[in-house]
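# Summary of structural features
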Amino acid sequence: MSQPQQPESFLAADIGSTLTRVCLIDRVEGIYRLVARSQHPTRGEDGIDAKQAVVGAVRRLEEIAHRTLLDDAGEMISPERDDGTGVDAMVACSSAAKPLRCAVIGLTADLSLQGAVRACTGALAQATTTLALGALRRAAELAPLLGLADSPPEAIILSGGFDNGPIAPLTAGAELLAAVLADLPAHERPVIIYAGNQEARRPVARALGDDLTLAVVDNVRPSEGIESPRELQRELLRLYGERLQLVPGMAALQRWCSVPVQSSPDALALALQYLAKRHDPSTSLLGVDVGGNHTAVIGVGKRGVNLTLRGGLGTAAGLDGVLASASLDDLRRWLPLDVSLDTLTAYLENARLWPFTLPQTLDDLLALQAAAREALRQTFAEWQAASLAEPLRLDLIAGRGGVLSGCPHPGLVALMLLDGLQPVGLAQLVYDRDSVWPQLGAVAAVAPLAASQVLNRDGLAHLGTALCLSGSVRTGERALRLRLETPGGPDHTYEVAAGEVRCVPLPSDAEASVKLWPHPRLDVGLGPGAPAQAQVQGGALGLIIDARGRPLQVSADPQERAAAQRRWNNGLGRR
Amino acid sequence: MSRSLWIGEWTHTQSCSRSLVSPGEVVSADRCVGISIARGPLILIDVATPLGLAPDDVRRALAVSVGDAVHRDQTLASLRRRYRRRSVRAPDAGLVQGIVGGYLLLRLPDVETQILAGVAGTVSDVTAEGQVKVKCNGTRIHGAWGDGGTGRGPLALTTEGADGELTWQKVSRHLTGCVLVGGWLGEERAILRARQFGIAGLLVGGIAAPLARHTGWGLPIVATEGVGVPHMAPTFYRALQQRAGCVVQLQGGCAEGGPMASISHAVSQGAENSALEVGAGVRLTRGPYLGYEGRISALPEGLQRTALGGLTEGAQIALPSGQRLFAPWENLEVLP
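Residues numbered from 1 in each chain as written. Chains lettered and ligands numbered in written order. Predicted model: local features only at pLDDT ≥ 70, side-chain atom pairs only at ≥ 80, totals over all residues.

### Brief notes about the overall build of chain A
A tally of helices and strands in chain A yields 17 helices and 24 strands. The globule rule puts the C-alpha radius of gyration for 575 residues at 25 Å, and the 25 Å found for chain A is close to it. Reported as C-alpha extents along the three principal axes, the dimensions of chain A are approximately 75 × 65 × 50 Å. Relative to its 575 residues, chain A shows a buried fraction of 54%. (Helix = DSSP H or I, 4+ residues; strand = E, 2+ residues; numbered from the N terminus. Rg over C-alpha atoms; globule rule 2.2 N^0.38 Å. Buried ≥ 20, exposed ≤ 12 C-beta atoms within 10 Å, placed from the backbone.)

### What about the overall build of chain B?
On a plain count of helices and strands, chain B comes out with four helices and 27 strands. Rg of the C-alpha trace for chain B: 27 Å, well past the compact-globule value of 20 Å for 336 residues, more than 25% over. Seen along its three principal axes, the alpha-carbon backbone of chain B occupies a region of about 95 × 50 × 45 Å. For chain B, buried positions account for 42% of its 336 residues. Sequence separation of 24 or more characterises 59% of the internal contacts of chain B that already satisfy a separation of 6 or more. (Contact = placed C-beta atoms within 7 Å.)

### Considerations on the nonpolar core
Nonpolar side chains in soluble globular proteins tend to end up buried together. Residue and element names in this part refer to chain A. Within the largest apolar cluster, 277 residues are counted, with the highest numbers of intra-cluster contacts made by F10, I157 and V443. For this core, the element with the most residues is helix α12 (residues 362-386), which contributes twelve residues. Sequence-distant contacts of I157, defined by excluding residues within four places in its chain, comprise C102, V104, I105, A116, I193, A195 and L232. (Core = buried A, V, L, I, M, F, W, Y, C linked by C-beta atoms within 7 Å.)

### Some details on the domain arrangement of chain A
All names here are of chain A. By the assigned domains, chain A splits into domain 1 (10-96), domain 2 (100-243) and domain 3 (265-571). Each of domain 1 and domain 3 was reduced to a C-alpha centroid, and the two centroids are 30 Å apart. At the interface, 21 residues of domain 1 touch 29 residues of domain 3. Those elements that place two or more of their residues in the side of domain 1 that touches domain 3 are β1 (10-15), β2 (19-28), β3 (31-41) and β6 (89-94). Sort the elements by how many residues they give to the side of domain 1 that touches domain 3 and β3 lands first, with six residues. (Domains from an automatic or database assignment.)

### Focus: the domain arrangement of chain B
Split by domain assignment, chain B resolves into domain 1 (5-10 + 137-264), domain 2 (42-107) and domain 3 (281-334). Using only C-alpha atoms to locate each centre, domain 2 of chain B and domain 3 of chain B end up separated by 68 Å.

### Topic: the sheet that holds strand β12 (residues 262-263) of chain A
Hydrogen bonds along the backbone pair up the strands of a sheet, which may run parallel or antiparallel. All names here are of chain A. In spatial order, the strands read β3-β2-β1-β6-β12; together these five strands make up an open sheet with mixed pairing. Edge positions in the open sheet fall to β3 and β12, since each of these has one partner strand only. Here β1 runs beside β2; their pairing, made up of six bridges, is antiparallel. When the sheet's bridge partners are listed, A12 is paired in β2 with C23. (Pairing = 2+ DSSP bridges.)

### Here's the deal with the interface of chain A and chain B
Contacts between the two partners involve 32 residues from chain A and, on the opposite side, 34 residues from chain B. Grouping the constituent residues of the side of chain A that touches chain B by class yields 19 nonpolar, seven polar and six charged. (Nonpolar A, V, L, I, M, F, W, Y, C, P; charged D, E, K, R; others polar.)

### Notes on the sheet that holds strand β2 (residues 18-19) of chain B
Residues and elements named next belong to chain B. One open sheet accounts for three strands, arranged β2-β4-β11; its pairing is antiparallel. The open sheet is flanked by β2 and β11 (111-116), the only strands paired with a single partner. Summarising the sheet, strand β4 (residues 32-38) and β11 pair through six bridges and their orientation is antiparallel. Among the inter-strand pairings, G34 is bridged to a residue of β11, identified as I115.

### Some points on the environment of I115(B)
All names here are of chain B. Along the chain, I115 turns up in strand β11. For I115 and S65, which are 50 residues apart along the polypeptide, the C-alpha to C-alpha distance reads 36 Å. Contact partners of I115, with chain neighbours within four places excluded, come to Q14, C16, C32, V33, G34, I35 and S36.

### Some remarks on helix α8 (residues 264-279) of chain A
End to end, α8(A) covers 23 Å across 16 residues, agreeing with the expected 22 Å (1.5 Å per residue, within 8%). All of the buried residues along α8(A) are S264(A), P265(A), D266(A), A267(A), L268(A), A269(A), L270(A), A271(A), L272(A), L275(A) and A276(A). (Expected span 1.5 Å × (residues − 1).)

### Here we look at the confidence of the model for chain B
Of the residues in chain B, 97% have a pLDDT of 70 or more, and the chain-wide mean is 92. Model confidence for the complex: the whole-complex pTM is 0.89, and ipTM, which rates the interface, is 0.88. (pLDDT = per-residue confidence, 0-100.)

### Focus: unusual backbone geometry
Following S78(A), the chain continues to P79(A) via a peptide bond in cis, the omega torsion being 0 degrees. Looking at the element boundaries, P79(A) is found in the loop between α1 (50-65) and β6. Between G287(B) and P288(B) the backbone carries a cis peptide bond, its omega angle lying at 10 degrees. Structurally, P288(B) is set in the loop between β21 (281-284) and β22 (293-298). Backbone geometry places E29(A), a non-glycine residue, at a positive phi of 50 degrees. Structurally, E29(A) is set in the loop between β2 and β3. With a phi close to 55 degrees, L124(A) is a non-glycine residue in the positive phi region. One can find L124(A) in the loop between α2 (112-121) and β8 (125-132).

### As for the pairing of strand β9 (residues 94-100) of chain B
Residue and element names in this part refer to chain B. With six of its seven residues buried, β9 lies for the most part within the structure. Bridge analysis of strand β6 (residues 69-70) against β9 gives two bridges, and the strand direction is antiparallel. Residue V70 lies in a different strand from β9, and its bridge partner there is G94. The sheet contact formed by β9 and strand β10 (residues 103-107) spans five bridges and is antiparallel. Its bridge partner being in β10, V100 is matched across the sheet by Y103. Counting the residues between successive antiparallel strands, the hairpin from β9 to β10 contains two residues, one of them, G101, with a positive phi of roughly 55 degrees.

### Considering the environment of P109(B)
Residues and elements named next belong to chain B. Inspection of the secondary structure puts P109 in the loop between β10 and β11. Look at P109 and you get partly exposed, because 13 C-beta atoms sit within 10 Å. Spatially, the C-alpha atom of P109 lies 49 Å from that of R283, the residues being 174 residues apart in sequence. When sequence neighbours within four positions are dropped, the list of residues in contact with P109 reads G40, A93 and G94.

### A word on the environment of V267(B)
All names here are of chain B. Here V267 is to be found in the loop between β20 (260-264) and β21. Since 15 C-beta atoms lie within 10 Å of it, V267 is described here as partly exposed. As for V267 and I7, which are separated by 260 residues in sequence, their C-alpha atoms are 7.3 Å apart. If sequence neighbours within four positions are ignored, V267 has contacts with I7, G8, N137 and G138.

### Some points on the pairing of β2(A)
Within a regular beta strand, the side chains point alternately toward one face of the sheet and then the other, so they alternate between its two faces. Residue and element names in this part refer to chain A. Of all ten residues in β2, eight are buried, a share of seventy percent or more. Counted between consecutive antiparallel strands, the loop separating β1 from β2 contains three residues. Counting the residues that bridge the hairpin from β2 to β3 gives two residues, and of these E29 lies at a positive phi of roughly 50 degrees.

### Considering the packing of α12(A) against helix α14 (residues 410-421) of chain A
Axes are the key here: two packed helices are described by the angle between their axes and the distance separating the axes. Residues and elements named next belong to chain A. Closest axis-to-axis distance for the α12/α14 pair is 8 Å, and the angle between their directions is 35 degrees. Like other packed secondary-structure pairs, α12 and α14 cross with a definite hand, here right-handed. Residue-level inspection shows Q369, A372, R373, L376, R377 and F380 of α12 in contact with α14, the latter providing L412, M416, D419, G420 and L421. Tallied by class, the residues present in the contact of α12 with α14 amount to six nonpolar, two polar and three charged. (Axes fitted to C-alpha atoms, helices over the stretch in contact; angles between N-to-C directions. Left-handed = near helix turned anticlockwise from the far one by under 90°.)

### Quick word on the packing of α8(A) against helix α16 (residues 448-457) of chain A
All names here are of chain A. It is at 10 Å that the axes of α8 and α16 come closest, and there the two elements cross at 65 degrees. Classed by the angle they form, the pair α8 and α16 counts as roughly perpendicular. Where α8 crosses over α16, the two elements pack in a sense that is right-handed. Packed against α8, whose contacting residues are A271, Y274, L275 and R278, the element α16 presents A451, S452, L455 and N456 at the interface. (Parallel < 35°, antiparallel > 145°, perpendicular 65-115°, else oblique.)

Spelled out as structure tokens, the structure:
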């Protein structure tokens, strides 16, 4: 497919596990703009077909944009013709392949095993089995190892031992593994990734034999206090990329694309890096993506990109994972209504059973948002555990996912982010209202300028700047006094009571200076009671003041709790 | 727009390891079309501990080697200690897969299962991967919620209408082997009794939340609408009513393809699903109208504001009660 030097128009697709989203980007008065977007279920009646899903979404896009993009045979018209039909280039990213199923075998549960499991969460892999060989003494304890032969994962990570440490336990483990996997048919055999004591590379390779595919990477725990997951993560991502190509219809779709189809989390990470640079090179950004079947937390800071992805945890098919990992009471604490556990079960189960449908009542919507908070909370906790050295300063929080973009009120979006992440200090809140960030990340691979211009002009919904206090004082006491000074405007002074969330109007394009005097036991980021001054940017909600304290306390009494949640909703403009 | 109720021709696929039919063959629903071979379990036998040996010393006591087929109670390893001979015997017949670290790995024999066609029709294809595709005519219902494996039996309607509860009193011994149809399932006792009486499966509109929270009920259960819904969509119920007594293949949540009910029967022309237009019958697939049916009364152009304040495309629906509402496309299914 021949292409002009400088593509003027793009189609960008994100093939998710539930929905496929496509957007059309074109130059308008010399600047790249988002022209239209559409979506289509990824799964048809005969199962997933990536190309068919994209064709379905593009057909819808043609109706919306009044522009022909596909020919009569359903093939993409490229490059763009003089009559305006077709586009110059297409790019795509996908998360339609499930995370890689991995078994992690280490020597000890606390060191090598944990390091390798953490590496998995940052590399689109899910540790479905973990086994510490050092703890196994009896045949019964080895049962999980036998399970690898009955239901083989896609990869087995063998880790353990510091470099220059003992070799024998690792070779014994490798021998056992080779024996267990000996009679698996070739197409079912998992790839073995060795990420242990580097001295044991050759003996382990010998013990595994020639029938198993072995990839050797750096030791994830070369010595006490040092964790080195990067090379293991690179190998896992390479395997995920191979798996993505096996999604039905993906090879056919690939022929339309200018560059290889990326994984959606990778594309999203790239878009978030653009977003961070847009503000200030030193900005510390936290991106969160609550999808139908997975939840991701991506940190972008001085140390690079740090991703934690939880497969099977989301707001459609992933509700199964939410219900398995959180109790109904955990979810109910986020609801401004006193619903029975059966009603809550029905809301969530039906949302899971009908993943393409949209909530039609407020109760249904709030139940789904409660599940999103829980998915966020759990994934963020894992991200924090994995980002041991990462400072926890969050300048910019960027949220996306169907539950956020489909939310009819920005106040509810802000509350989901504040409740799920519980940030402290000042943080700007933005979200992907049009569900285009991963597509823009994919566009960035071929046209960085186009990605950057669309992100700046059309891809960001500014919620405002959140000011969150940590610590705890009695509800109703004065938590904060602040003076807002806008250039050329009058100054305003506000007082906020502990336990409240409220917003102070400040338009999206406005900046203001705030002076803060917190309660002696509350902290805005400079220490308890320390006054502060900062520049803040506005948004749909303006300046959001969260004086509920950290960690966030939710009453055990159902009526009190529901009343507080209603107050918080009202505080952000949702009545 | 998905379609959960299909009346017409479709292809039913069964996966097996070895097929026993060829394309063009006419098969009945209970015809065995293939064999599924599941590998036998792998078991680990501790040889070192009973013989009182260190793992590295086990080899000198072994009576078998890797690759040997052994029968039940065959001596795997033995050792004479003072005046007693100690031995380790095979707990079952199998193949020695490996001997490592003082353990012997024994693979038990493969388990073969017969795969039935499930529907009456004509074999249209047998793939190299072992999929047998049967083209058939009839009624197929994709369920929303399901549990259990596969069951087959004549359809027996137990409730007066689409909103009747399938109570335990309606599960009786003379229905053994049948698939029971009801509006909704609300009590555990009905399921326990169905299992006790050998009922082949339960096909309902909704299932109560406390029952849906558990799985592994021991028989196939399919709910066409979802959880907490006290009825089955009337068109679905009528379609089943018309086929009372016909054999239905019911597959629960654990089966490939998800919860489904398939009934083979001749289909007259014109039973195809209708097009998306004003007057078309639709089923609503999200609360608070989950499982309700209505007709499209208008197709408004462009984005519409929903009751929650969001913007989406959809249709105006008139319910039989006279109520009119707007529903997003995502929440609608066209009915036949």
